[in-house]
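Overview (structure and organization)
Given next are the chains, with one letter for each unit.
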Amino acid sequence: MTPTLAFDTDHYVFDASSGGDSFGGFCIPNLQGKDNIRIRAKVKLNSSSAYCQFGLGFADSLQVAYNGGFTYFRIRGDRQIDLVEGNNETTFNNHVSPNTFYYVEIVKQGLNTTFTVYDENMVVVNTTNYSPLNSYNNPYFYIIRNMRNANNTTSIYEIIAESL
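Residues numbered from 1 in each chain as written. Predicted model: local features only at pLDDT ≥ 70, side-chain atom pairs only at ≥ 80, totals over all residues. Heavy atoms only, no water.

Despite not being glycine, Thr-9 has its phi angle at roughly 65°, a positive value. Along the chain, the position of Thr-9 falls in the loop between β1 (4–8) and β2 (11–15). (Helix = DSSP H or I, 4+ residues; strand = E, 2+ residues; numbered from the N terminus.)

This part is about the packing of aromatic side chains. Tallying each qualifying case throughout the model produces six aromatic pairs. Ring geometry for Phe-58 against Tyr-136: centres 4.9 Å apart, planes inclined by 85°, an arrangement best described as edge-to-face. Remark: Tyr-136 occurs in the loop between β11 (124–130) and β12 (140–146) and Phe-58 occurs in strand β5 (residues 53–59); sequence separation between them is 78 residues. Of the two residues, Phe-58 and Tyr-136, both sit in the buried class. Taken together, a centroid distance of 5.0 Å and an interplanar angle of 70° make the contact between Phe-101 and Tyr-157 edge-to-face. Of this pair, Phe-101 sits in strand β9 (residues 101–109) while Tyr-157 is found in strand β13 (residues 154–163), placing the two residues 56 residues apart along the sequence. Residue Tyr-157 is classed as partly exposed on the basis of its relative accessible area, which comes to 23%. Through a chain of ring-to-ring contacts, the aromatic side chains of Phe-58, Tyr-136 and Phe-141 assemble into a single cluster. Over the ring of Phe-101 we find Lys-42; its NZ or CZ atom is 4.9 Å from the centre of that ring. (Phe/Tyr/Trp six-rings, centres within 6.5 Å; stacked < 30°, edge-to-face > 60°. Buried < 20%, exposed > 50% of the residue type's maximum accessible area, 1.4 Å probe, protein only. Lys NZ or Arg CZ within 6 Å of the ring centre and 35° of its normal.)

Okay, the nonpolar core next. The biggest cluster of nonpolar side chains holds 28 residues, and the ones touching the most others in it are Phe-54, Leu-56 and Ile-75. Those elements that place two or more of their residues in this core are β4 (37–45), β5, β6 (70–76), β7 (81–85), β9, β10 (112–119) and β12. Of the residues forming this core, the biggest block, five residues, is contributed by β4. Excluding residues that lie within four positions of it along the chain, Leu-56 makes contacts with Ile-28, Ile-39, Ala-41, Thr-71, Tyr-72, Phe-73, Val-104, Glu-105, Ile-106, Tyr-142 and Ile-143. Core analysis: the second largest hydrophobic core is formed by six residues, Ala-59, Tyr-72, Val-84 and Ile-144 among them. (Core = buried A, V, L, I, M, F, W, Y, C linked by side-chain atoms within 4.5 Å. Contact = heavy atoms within 4.5 Å.)

Here we come to the pattern of salt bridges. Per the stated rule, a full pass over the model turns up eight salt bridges. Ionic pairing is found between Arg-74 and Asp-82, a salt bridge with its closest N-O pair at 2.8 Å. Arg-74 is the partner of Glu-89 in a salt bridge, and the nearest nitrogen-oxygen pair spans 3.5 Å. Of this pair, Glu-89 sits in strand β8 (residues 88–92) while Arg-74 sits in strand β6, placing them 15 residues apart in sequence. Judged by relative accessible area, which is 42%, Glu-89 ranks as partly exposed. We classify Arg-74 as buried; its relative accessible area is 5%. Each member of the salt-bridge network shares a partner with another, and the members are Arg-74, Arg-76, Asp-78, Asp-82 and Glu-89. (Salt bridge = Lys/Arg side-chain N within 4 Å of Asp/Glu carboxyl O.)

This is the structure in structure tokens:
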């Protein structure tokens, strides 16, 4: 299932397609295989639903099966932050709120990855250092969301990628 990404005045609306409890997203162009990179997105979750989500991640294939071939970090409308790799998931509770601006960031340097969420003033809300189980030698970078409940949109105001 593919979500929708539509422009609305000054931001993009990242929406699901009511595709059940599955995930969908978009590859960030021109970043495949990059290392020593920082990717940061300014987003706002528009619902308090657990299915209102925004995530940044990477995978070696665009045809990812649920077997550990991907890693992503997401914020959710139910105040949770999740770090997911395959069927391994770590949850951090009560860190984000709906209808509030956040910056979600990945810094990937070799096998070391740092995932950080900042508030709208760039104050750290949560940071996690992680060494993925997979090596991700030629990763694609992407944005992702849960596909359940099409009315749980996320607003995306910017996505910035930079070499370190």
